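# A look at the structure
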Amino acid sequence: MHEWEQEDPLIIERAKGAYLYGTDGRKYLDGVSSIWLTVHGHRHPALDRALRTQSGKMAHSTLLGLSHPPAIELARELIRIAPRGLTRVFYSDDGSTAMEVALKMAVQYWQQRTPGIGSKRTFLHLQLSYHGDTAGAMSVGGIDLFHRRFRPLLFPTVAAEPPYCYRCPLNLTFPSCKMACLDPIERILKQRHRDIAGLVIEPLVQAAAGMITAPAGYLTRLRRLCTTYKVLLIADEVATGFGRTGRMFACDHEGVTPDLMAISKGLTGGYMPLAATLATEKIYRGFLGRYDEWRTFFHGHSYTGNPLGCAVALANLAVFRKERTLARLQPKIAAMARLLRSFKDLPHVGEIRQRGFMAGIELVRDRSTKAPYPLGQRIGQRVVLEARRHGLFLRPLGNVIVLMPPLTVTVRELTRMVTIVRESICMVTKS
Ligand SMILES: *Cc1c(COP(=O)(O)O)cnc(C)c1O
């Protein structure tokens, strides 16, 4: 905070397409989709219109005991595009609450399914995971810098090594490793499946960890392990959902259906706070019962399923269809990969990780030893401040420079973004 106070604050007053406009009279390319939210660009006419139309009808009405057309229609649309087998939608307000809902649902589901036993109440997750900033979501999180201080508040979980191939915890190489990092996960499940309610995963990309990408087939193997050991697979698609990885959901790449799935960020195209936890019919049925059995899921927030949010989310999904966003994204994903390839020559670029339109460039002090820059050197922060001087807004994750443009960015804008990133890295890392 002390250092931030000395920086020039950047105040954004308007935005359009891939650009943010500051009160300083300058415009900035939005290189991180306003922290991973914006899908079809800022101020898309169809999304603007949906918001205006809905506000002319009603801004809010509760989902506690009532419903409204945008919530009903959106739930129907979400089921249509979600991995097959997810048939029920529970609304909340942001990624963290969608994850809280998933964790609570999992625990209550097992209590009601096997009354008397009821001991499946802990979670298995990966180290370096990030699922939000509320207490339950932090409990299944594994980023020391964010979570360490709050450990006394969090419930105990089981954590396993992530598939961080660049810094493989087992010192192996893919694919000859045959994903040996899954063996400890299987051992844990074998020993403790009676206690474990769910396995929590960010499918394909552990985003906040620094865009750590899992090898192909990893998710499929986790799905199989969960089925074998009767543990719910909880997919956190908050960052990866809505086209980010090149498909609508990351799970689609491997045809995996989780038992519970959390979505938020891109759900409203970056317009309104809204989230949902999707569940299978099997989970849903576990909550049915006579009134006085109290099998209801007692969880709700005041603004849950807000109509403005649902209306703009519906428009967001309609634009995916109308503008064939995902088809038009594919050549841009290839262009990004091509542009990023040139970074391999930079002496302080350790690894370039890209999955769809999510990219992370890990900077290292010494490429041969992979020795990281000490965090105190703020290397990531210095790179993004340099980029800002050249008209690009970014936000790093420690030593990882993140690039996550809106899906509708043009190849020209994308080229400009990558060029600025490259020049900023060169500038800051030259010794
Ligand atoms: C951002 C994020 C969250 C938390 O979402 P909020 O809306 O910020 O609460 C949870 N999981 C993942 C994977 C995220 O990237």
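Residues numbered from 1 in each chain as written. Predicted model: local features only at pLDDT ≥ 70, side-chain atom pairs only at ≥ 80, totals over all residues. Heavy atoms only, no water.

### A few points about helix α3 (residues 45-55)
Note that an α-helix has 3.6 residues per turn; residues three or four places apart therefore point the same way. Within the sequence span of α3, burial applies to L47, D48, A50 and Q54. With its buried residues spanning 160° around the axis, α3 presents them on a single face. As for α3, its buried residues are in contact with α4 (69-81) and α11 (307-322). (Buried < 20%, exposed > 50% of the residue type's maximum accessible area, 1.4 Å probe, protein only. Helix = DSSP H or I, 4+ residues; strand = E, 2+ residues; numbered from the N terminus. Arc of directions from axis to C-beta. Contact = heavy atoms within 4.5 Å.)

### Regarding the packing of helix α12 (residues 325-341) against helix α14 (residues 411-429)
When two helices pack together, their arrangement is captured by the angle between the axes and the distance separating the axes. Close contact between α12 and α14 brings their axes to 10 Å; oriented N to C, the two are set at 25°. Here α12 lies roughly parallel to α14, going by the angle between them. α14 is crossed by α12, and the crossing has right-handed handedness. Counting all contacts with α12, which are made through K332, A335, M336, L339 and L340, the residues of α14 involved are V411, L414, T415 and V418. Among the residues forming the contact of α12 with α14, the class breakdown is seven nonpolar, one polar and one charged. (Axes fitted to C-alpha atoms, helices over the stretch in contact; angles between N-to-C directions. Parallel < 35°, antiparallel > 145°, perpendicular 65-115°, else oblique. Left-handed = near helix turned anticlockwise from the far one by under 90°. Nonpolar A, V, L, I, M, F, W, Y, C, P; charged D, E, K, R; others polar.)

### Focus on the packing of aromatic side chains
One pass over the full model with this rule turns up seven aromatic pairs. When the ring of F123 is compared with that of F155, the centres are 6.4 Å apart and the planes differ by 45°; the resulting orientation is tilted. With F123 in strand β5 (residues 122-126) and F155 in the loop between α7 (144-147) and β6 (158-160), the pair connects residues that are 32 residues apart, well separated along the chain. Judged by relative accessible area, which is 2%, F123 ranks as buried. Ring geometry for F287 against F297: centres 5.9 Å apart, planes inclined by 85°, an arrangement best described as edge-to-face. (Phe/Tyr/Trp six-rings, centres within 6.5 Å; stacked < 30°, edge-to-face > 60°.)

### Notes on the domain arrangement of the protein chain
Splitting the protein chain by domain gives domain 1 (2-30 + 324-429) and domain 2 (49-322). Each of domain 1 and domain 2 has a C-alpha centre, and the two are 27 Å apart. With 27 residues of domain 1 at the interface, the matching set in domain 2 holds 26 residues. Joining domain 1 to domain 2, the criterion identifies one salt bridge. Between the two partners, domain 1 and domain 2, sit 14 residue pairs in polar contact (both at pLDDT 80 or more). Residues of the side of domain 1 that touches domain 2, tallied by class, amount to 15 nonpolar, six polar and six charged. (Domains from an automatic or database assignment. Salt bridge = Lys/Arg side-chain N within 4 Å of Asp/Glu carboxyl O. Polar contact = N/O pair within 3.5 Å; in protein donor to acceptor, adjacent residues only side chain to side chain.)

### Brief notes about the pairing of β5
Counting buried positions along β5 gives five out of five residues, so the element sits mostly inside the fold. Because side chains alternate across β5, one face comprises the buried residues T122, L124 and L126, and the other comprises F123 and H125, equally buried. Pairing of β5 with strand β7 (residues 196-201) involves four bridges; the strand directions are parallel. Among the inter-strand pairings, L124 is bridged to a residue of β7, identified as L199. Of the strand pairs in this sheet, β5 and β6 are connected by three bridges, and their pairing is parallel. Looking at the pairing, H125 lines up with A159 of β6. (Pairing = 2+ DSSP bridges.)

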